[in-house]
Amino acid sequence: MPQISNLKLFFSAKPSSLLLPSFLFKPITSYRRHSIFTLSSSQRDKRVFPLRTKTTLTNPIKKEKPIEMEESELQGFNKRRLEGKDKGKPKTLQLKTRKLNPVNTICYVQILGTGMDTQDTSPSVLLFFDKQRFIFNAGEGLQRFCTEHKIKLSKIDHMFLTRVCSETAGGLPGLLLTLAGMGDEGMSVNIWGPSDIKYLIDAMRSFVTNAAMVHTHSFGSAPNTGGASLLESKPCIFMDPIVLIDDEVVKISAILLRPSFSEGWEIMEEDPNISNTSPAGLDDNMDRFSEPLAPSSQSLDWKEGPVLKPGDISVIYVCELPEIKGKFDPAKAVALGLKAGPKYRELQLGNSVMSDRQKIMVHPHDVLGPSSPGPIVLLVDCPTISHLKEMLSLQSLNDYYYADSVDTHRDGVKSVNCIIHLGPASVTMNADYQKWMKRFGGVQHIMAGHEMKNMEIPILKSSARISSRLNYLCPRFFPVPGCWSIHHLNNLPLDSTSASEDSSPMLCESISAKNLLKFHLRPYAQLGLDRSGIPSISTPSEIVDDLLSEIPEIEDASKHVSEFWHGSENTKEIIPPTQGTAIMVEEPWMNGETHISDTNFGKQGTDASEENTWCLNGSGADEVEDCSDRPDCLENISREDMEIVLLGTGSSQPSKYRNVSSIYLNLFSKGSLLLDCGEGTLGQLKRRYGVKGADDAVKSLRCIWISHIHADHHTGLARILSLRCELLRGVPHEPLLVIGPRPLKRFLDAYSRLEDLDMQFLDCRDTTEAAMDAFAGSLESIGDHYSSTSPINVKNVNISNGGIGGQGIVMPQNLETTLFAKGSRMQSYWRRPGSPNSLVDFPVLKKLKEVLCEAGLEALISVPVVHCPQAFGIVLKATERINSVGKVIPGWKLVYSGDTRPCQALIDASHGATVLIHEATFEDGMVEEAIARNHSTTKEAVEVGAAAGAYRIILTHFSQRYPKIPVFDETHMHKTCIAFDMMSVNLADLPVLPKVLPYLKLLFRNEMLVDESEAVSLSTVES
C-alpha cells in the first residue's frame, strides 16, 4: 500500500532588498523587534477590540497603550518594518494534542455552505467529534464563514483537500496565517492532500511569514522511493485505499481518482527533490516530464494523449467510525462472578477482566450483545466526466461498500450510511453517475454541488443584513446585492458548468445540501438527517421592517438622501456643460508648486472665469455644494464612464461584516480593472453582480494591480485568474496583465503548475513614473538607432525567454549608444528609488500601453509608499474628452494608496486627484500603533487628501476591531466618506458622496462593537 509523505514545511521568506525612497519622513532608527506572533498575553489583551459606547462615532475612545516603543519611534514610520526586518526569530508552531474520547457521545457531519450562494468555491464539510474536528476543503471564505457561524478554528485538528486547486484550497493561506497568530505561540493544523499539495505549499512560501509552520501530509507516494510521487508508480495504485488516520475514534482513508482518457495519457514527472522536506528541495525546478502511463494496468501500448497535470487528481474520502458494541447484560456479568463496579466499564470498553468469584477470564463478547457496524460516510468529489469513468471502475469500492455486490453478506462488506457528493450537477446528474449512486442501496445521498436554488439564501447573513439596510438608506451607493436579485437567474442558460438538478431524470433518491445541514452518526438512536440548524431565509423586506422598528427616523433620512438626485434621471441633467467654448486653462489644484511631472498625470484645475455653478438639489443651505471647486473632469460626465465598487474594505482578515481589500473599477464598455484582490474577491463580485454578471465582469478585466505581497491583498488572485481562463477557453483572447511586486511573481509562477492562470506579469517597479519615462525614452531611442518602423526591431535585440506566458526580456544589443550610455540623460532614472530593474520587459510594457488605450486610460503609475518592502500605491489617469461644443475636458484621476503611512510621494502623486482612496486602518487615538505597523489613522488619511487637493476622499482598509463602522471625527470629513463592502460610487455621484456620511452615522447609531467573545483577533496579515 502506498505510504504517506509527511511534509513539515518551514516557510522562510528571504527579505528582499529595499530601495528607500527619498521622500520618506525621518525613519525610526531603533525600533524594538516585535512579531505579532510573540506578543505576551497581557499585551495582546490590551490590543484586541476595545469596547466603546454609542458616542464613540464622534468621540474617539481612550487611547490604548501601544506596543512599547522608544521616543524616536514616534517620528513617522517604522523603518525596520519598511525594510522587512521586523520579523522575530523563526519558531515551530506546535500541533494541538488532545485526549481522545473513544466513547463519543456526539458525532456528525455538517455542510459548511461556503460558496453555495455565490458558486465561487467548493463547500466545506465538518466532521465533528467531542474532542476532535476535521474539515474537508478550505475554499475562499471559509475563515469568514467560521467567524459568522461561531465555528472555532482553534478546535480544528485536521484539514483534508479533495483536490488541490483554488476552488478547494483558496482559503488555506489566510486560515494558516490566522492560526499562526492565535495565542502566545501560535497554532497549526495537519493539512492532508494528494501529492499535488506540495506545489501549493511551495507557492505559499513566497508570502507566508517565517513564523508559519505547516504540517503537511501528502499521500500517494510509493514506499521506499525517496519521495517519488505515486504518479510514477503503476496505475493500479490509484485503486487502493490509503489509510490516513486510524485511531480509536475514526478511520479516514483516501481513494485517489484520476481522469480517464481512452486514447492513452501521459503525466508530468515531479523532480525527486520536490518531496524533500527541506525548503531547499522545494526551490528546485519542477518543470520536467516523464514517459506516459497507461490508463489501465493491462495496457502497455503508450500513445500520446492529454497530459495529467498537477491538480487533476481528485480524492474520495472514506470516514469509518468504530463498531457500535452491543448492549451490556448485567445478568450475564453476575453469572460469571463479576461484582458491579469498574470492571463493567472495562468490559464495555472492549477489555477483558478477571472474574471476582470465579477463576476465569471474562471477555467482552461474554457479556455484550451483538455489535453493530460503525457508521460510514463517503465524501465524493468527481469534478469531470473523465473522473467519472475512472470512478466507475474502482475495484476497492466494489469489494467493500456496494450494496449490490454478489454476496452482500460476506465478511468485509461494509454498509455506507451517508454519501456527500461535491461534484458539479453536470456530473452528478449524469445517468451513469446516478446508476452508480443506486449501487449503494438505501444510503442517504446529499448533493452538495452548486445548485441555483441555493443562491437566494445568503450564506453570510450578517453582511447581507447590513447591505440591505444600506440599500434602503441610499440605493445609489448601495445597490441591491446580485445574490438577492433572484429573478434574473431564471433566465440563465443551463450550460455544462451550471446545470440544474432537474436537467435529467433522477434515478436515485437524494436531497440537496443546505447550509449547516447535519447528518448524525452518534448517538446511534439519532442516526440520520438533522435540519434544525439550517438558517431561515431573511428577505430584504423583513430586514427593512426591522430597521424601521429600530430606527424610525431612517425612513425620513432615506427620503432626504433620495432628494440629492431628485429630478435628475441622468447625469447630463445633473451636471450640464458650462457655457463657452474656450479650451480649459490648466492650473495647479492647490497653491504652490506640484511635486510630480504632469507628463503622465496632467492637472485638474478649475477655470475661474466660468460663472455657471449649478448644484445638486438639496434642502437647506447646508445641503448645497460649493460648485466652484468641482473639477472640470466631471463636466457633462456620463454614468457609464467609471464606477468604483469597493468589494473589500477591511484589513488583516475577513470578518462578518467586511471582507479584505479589493476594489473593482468598472469602465463599462471599455472593460474593468481590479486594484488588489484579497481572499473572497470573486465571491464579492458574485454578491454584487450575480453569478452571470460576475462572470462577465471577470471576462472583461483588462488588468489586475496588486499593491504589496501581504496575504490580505492578493490571495483571491489565483481564483480570479483560473476562472477567467476557464470562461475564455476556446475563445480568442489575450493573457491578462497582472502588475504587482516582484515576490508576487514567484507565487504565480509556482501556482501556475497547479492551474493555468493565463496571465502576463509586470513588476510594479517597472510602472513607476521614472520607469515609464525611461520606457518612453528607450522606445524613441531604439527606434532612432535602428531606423525600424516598429518601436523595437526584433532583429537587433536579444530576447531571453522567461516569465509567465513565455514573455521575454527584450534589450538592444548595443546599449552604449542608446538608453544606458554612460552620462546619458536616462541613466539617472534607473538609479532612482523605485526605478525598474536593469532589464525591462519591453513587450509587456508595450502590452500595458495597449491595455490602457483600450480602457480609455492615459496613464497607470505605481508610487512607492511606506509600509513594507515593495509596497506601492497607484495613480490612474483617464484620457481627456471633447464635449459637444468642442471644449477639451480633462480625464478623471484616481489614486489608491494601498497600505501606507502618510508619505510625501503619495501626496505629490495625488495632486488634483478626482478621487483618493486611502487606507485608514486605525482611529485617531492610535497613532503609535499606526506607526508601529506602518498604517494610517483616519485623520492622517484625510490630511493626505487635503494636502493633495483631492476632490473626494474615500477611506477604507479599516481594522477589524471596528466591525461595522470605524471611529472618526466628523469635523474633518467635509470631502470624505467611509467605505463599506459593496459600496458603488459612480463618478457622476461624487458631488453627493460626503453628504451621505451623517445619514450613515444615523444608520449605525445603535451599533456597538461585538464583545470579546465574538471578536476576531488580529492576525499577522494586518501587519
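Chemist: Describe the overall build of the chain, with residues and values.
Modeler: Across its full length, the chain holds 28 helices and 37 strands. The buried share of the chain, taken over its 1023 residues, is 60%. Restricting to contacts in the chain with at least 6 residues of sequence separation, those with at least 24 account for 73%. Element-wise, carbon and sulfur atoms account for 51% of the exposed surface of the chain, whose accessible area totals about 39,500 Å².

Chemist: Kindly report on the nonpolar core, identifying the contributing residues and their values.
Modeler: Core analysis: the largest hydrophobic core is formed by 104 residues, its most contacted members being Leu127 and Ile252. Sorting elements by how many residues they give to this core places helix H6 (residues 197-204) first, with six residues. Ignoring anything within four residues of it in the chain, the contact list for Ile252 reads Leu127, Phe134, Phe136, Phe160, Ile242, Val243, Leu244, Ile245, Tyr317, Val318 and Cys319.

Chemist: Just give me the short version of the sheet that holds strand E34 (residues 915-919), but keep the residues and values in it.
Modeler: Across the sheet, six strands lie side by side as E29-E30-E33-E34-E35-E36; this open sheet has mixed pairing. Taken across any chain shown, the strands that pair with only one partner, and hence form the sheet edges, are strand E29 (857-864) and strand E36 (976-978). Pairwise comparison of adjacent strand axes, ignoring direction, gives a mean angle of 15° for this sheet. Alignment of strand E33 (residues 893-896) against E34, held across three bridges, turns out to be parallel. Looking across to E34, one finds that Tyr896 is bridged to Ile917. Strands in contact with helix H27 (residues 938-948) are E34, strand E35 (952-956) and E36; relative to E35, the strand with the most contacts, it is inclined by about 155°.

Chemist: Which residues make up the confidence of the model for the chain, and what values do they have?
Modeler: Taken residue by residue, the chain gives an average pLDDT of 75. The fraction at 70 or more is 67%. Note that residues 784-836 has pLDDT below 50 and, in this model, 107 contacts with residues that lie over four places away or in other chains. Of the regions scoring below 50 in pLDDT, residues 1008-1023 engages in 54 contacts with residues more than four places distant in sequence or in other chains.

Chemist: Help me get a handle on unusual backbone geometry, residues and values and all.
Modeler: Geometrically, the link from Arg522 to Pro523 is a cis peptide bond, its omega value of -5° lying close to zero. Following the sequence through the fold, Pro523 ends up in the loop between strand E19 (518-522) and strand E20 (528-530). Of note, Asp676 is a non-glycine position whose phi angle comes to about 70°, a positive value. Counting through the fold element by element, Asp676 comes out in strand E23 (residues 672-677). Accessibility expressed as a relative area gives 0% for Asp676, which makes it buried. Of note in the backbone geometry, Asp758 takes a positive phi value of approximately 50° without being a glycine. By the secondary structure assignment, Asp758 is in the loop between helix H22 (742-751) and strand E26 (759-763).

Chemist: Mind laying out the sheet that holds strand E18 (residues 511-512), listing which residues take part and the relevant values?
Modeler: Backbone hydrogen bonds hold the strands of a sheet together, and the pairing may be parallel or antiparallel. Pairing in this open sheet of seven strands is mixed, and the strands run E8-E9-E12-E15-E16-E17-E18 from one edge to the other. Looking at strand neighbours, the two that pair on one side only are strand E8 (242-246) and E18, the edges of this open sheet. Strand contacts of helix H11 (residues 385-392): strand E9 (251-257), strand E12 (314-320) and strand E15 (376-380), with the helix running at about 120° to E9, the strand carrying the most contacts.

Chemist: Could you give an account of the pattern of salt bridges, with specific residues and numbers?
Modeler: Applying the stated rule across the entire model yields 24 salt bridges. Among the ionic pairs, Arg469 bridges to Glu550, the shortest N-O distance being 3.3 Å. Placement of the pair is Arg469 in helix H15 (residues 461-473) and Glu550 in helix H16 (residues 540-550), with a sequence separation of 81 residues. Arg469 sits in the buried class, given a relative accessible area of 3%. Between Glu635 and Lys887 there is a salt bridge whose closest N-O contact spans 3.5 Å. Highlighted residues: Glu635 in the loop between helix H19 (598-601) and strand E21 (643-648) and Lys887 in the loop between strand E31 (881-882) and strand E32 (888-889), separated in sequence by 252 residues.

Chemist: Now, about the environment of Met973: what can you tell me, with residues and values included?
Modeler: Along the chain, the position of Met973 falls in the loop between E35 and E36. With 25 residues separating them in the primary sequence, Met973 and Pro998 have C-alpha atoms 10.0 Å apart. Setting aside its immediate chain neighbours within four residues, Met973 contacts Val942, Leu955, Phe968, Ile978, Pro994 and Leu997.

Chemist: Explain the packing of aromatic side chains to me, and be specific about the residues and the numbers.
Modeler: Using the criterion set out here, one finds 20 aromatic pairs in the structure. Their ring planes at 85° and their centres at 6.0 Å tell us that Phe129 and Phe134 sit as a pair that is edge-to-face. With respect to class, Phe129 is no different from Phe134; both count as buried. Ring plane angle 35° and centroid distance 5.8 Å describe the contact between Phe747 and Tyr751, whose orientation is recorded as tilted. Of this pair, Phe747 and Tyr751 are both found in helix H22, four residues apart, which corresponds to roughly one turn of the helix. Exposure remark for Phe747: the relative accessible area of 6% places this residue in the buried category. Put simply, the rings of Phe129, Phe134, Phe136, Phe160, Trp192, Phe219 and Tyr317 pair up and form one aromatic cluster. The ring of Phe564 has Lys995 lying over it, and the distance from NZ or CZ to the ring centre is 5.6 Å.

Chemist: So, the state of the cysteines: which residues are in play, and what are the values?
Modeler: Within the structure shown, the criterion is met by zero disulfides. Not engaged in a disulfide, the cysteine Cys474 finds its nearest cysteine sulfur in Cys977; these two sulfurs lie 8.7 Å apart. Here Cys474 falls in the buried class, since its relative accessible area comes to 0%.

Chemist: Help me get a handle on the pairing of strand E30 (residues 872-878), residues and values and all.
Modeler: Counting buried residues along E30, seven of its seven residues qualify, which places the element largely inside the surrounding structure. Along E30, one buried face is formed by Phe872, Ile874, Leu876 and Ala878 and the opposite face, lined by Gly873, Val875 and Lys877, is buried too. Sheet analysis places E30 next to E33, joined by four bridges and oriented antiparallel. Each bridged residue has a counterpart across the sheet, and for Ile874 the counterpart in E33 is Tyr896.

Chemist: Describe in detail the pairing of E29, supporting the description with residues and values.
Modeler: Burial within E29 is extensive, with seven of its eight residues counted as buried. Summarising the sheet, E29 and E30 pair through seven bridges and their orientation is antiparallel. The residue of E30 that forms the bridge with Val863 is Gly873.

Chemist: Describe H22, naming the residues involved and giving the relevant values.
Modeler: All of the buried residues in H22 are Leu744, Lys745, Phe747, Leu748, Ala750 and Tyr751. Each element contacted by the buried residues of H22 is listed here: helix H4 (166-169), H6, helix H21 (717-727), strand E25 (736-740) and E26.

Chemist: Describe in detail the packing of H6 against H22, supporting the description with residues and values.
Modeler: In the contact formed by H6 and H22, the axes pass within 8 Å of each other and the chain directions differ by 175°. Our classification of the angle between H6 and H22 gives roughly antiparallel. For the pair H6 and H22, contact is made by Tyr199, Leu200, Asp202, Ala203 and Met204 and by Arg746, Phe747, Ala750 and Tyr751, respectively. A class-by-class count of the residues in the contact of H6 with H22 yields seven nonpolar, no polar and two charged.

Chemist: Tell me about the environment of Glu451, residues and numbers included.
Modeler: Secondary-structure assignment places Glu451 in the loop between strand E17 (444-447) and H15. Along the sequence, Glu451 and Pro424 sit 27 residues apart, while their C-alpha atoms lie 8.3 Å from each other.

Chemist: I'd like to hear about a positive patch on the surface, residue by residue, with values.
Modeler: A contiguous patch of positive charge on the surface is contributed by Lys99, Lys131, Lys152 and Lys155. Mapped onto the fold, Lys155 is located in the loop between helix H3 (142-148) and strand E5 (158-160). With relative accessibility at 35%, the residue Lys155 sits in the partly exposed group.

Chemist: Please provide a residue-by-residue account of helix H20 (residues 681-699), values included.
Modeler: Its 19 residues give H20 an end-to-end C-alpha distance of only 14 Å, which falls more than 12% under 27 Å, the value for a rise of 1.5 Å per residue. The largest bend along H20 reaches roughly 115° and is located at Gly690. Most of H20 is tucked away, with 14 of its 19 residues classed as buried.

Rules used throughout
Residues numbered from 1 in each chain as written. Predicted model: local features only at pLDDT ≥ 70, side-chain atom pairs only at ≥ 80, totals over all residues. Heavy atoms only, no water. Helix = DSSP H or I, 4+ residues; strand = E, 2+ residues; numbered from the N terminus. Buried < 20%, exposed > 50% of the residue type's maximum accessible area, 1.4 Å probe, protein only. Contact = heavy atoms within 4.5 Å. Areas by Shrake-Rupley, 256 points an atom, 1.4 Å probe, with all protein chains shown as cover. Core = buried A, V, L, I, M, F, W, Y, C linked by side-chain atoms within 4.5 Å. Pairing = 2+ DSSP bridges. Axes fitted to C-alpha atoms, helices over the stretch in contact; angles between N-to-C directions. pLDDT = per-residue confidence, 0-100. Salt bridge = Lys/Arg side-chain N within 4 Å of Asp/Glu carboxyl O. Phe/Tyr/Trp six-rings, centres within 6.5 Å; stacked < 30°, edge-to-face > 60°. Lys NZ or Arg CZ within 6 Å of the ring centre and 35° of its normal. Disulfide = S-S within 2.5 Å. Parallel < 35°, antiparallel > 145°, perpendicular 65-115°, else oblique. Nonpolar A, V, L, I, M, F, W, Y, C, P; charged D, E, K, R; others polar. Patch = residues over 30% accessible without salt bridge, like charges linked within 9 Å, V, L, I, M, F, W, Y side chains within 5 Å. Lys, Arg positive; Asp, Glu negative; His and termini not counted. Charge placed at Lys NZ, Arg CZ, Asp CG, Glu CD. Expected span 1.5 Å × (residues − 1). Bend = angle between axes of the 7 residues up to and from the residue.

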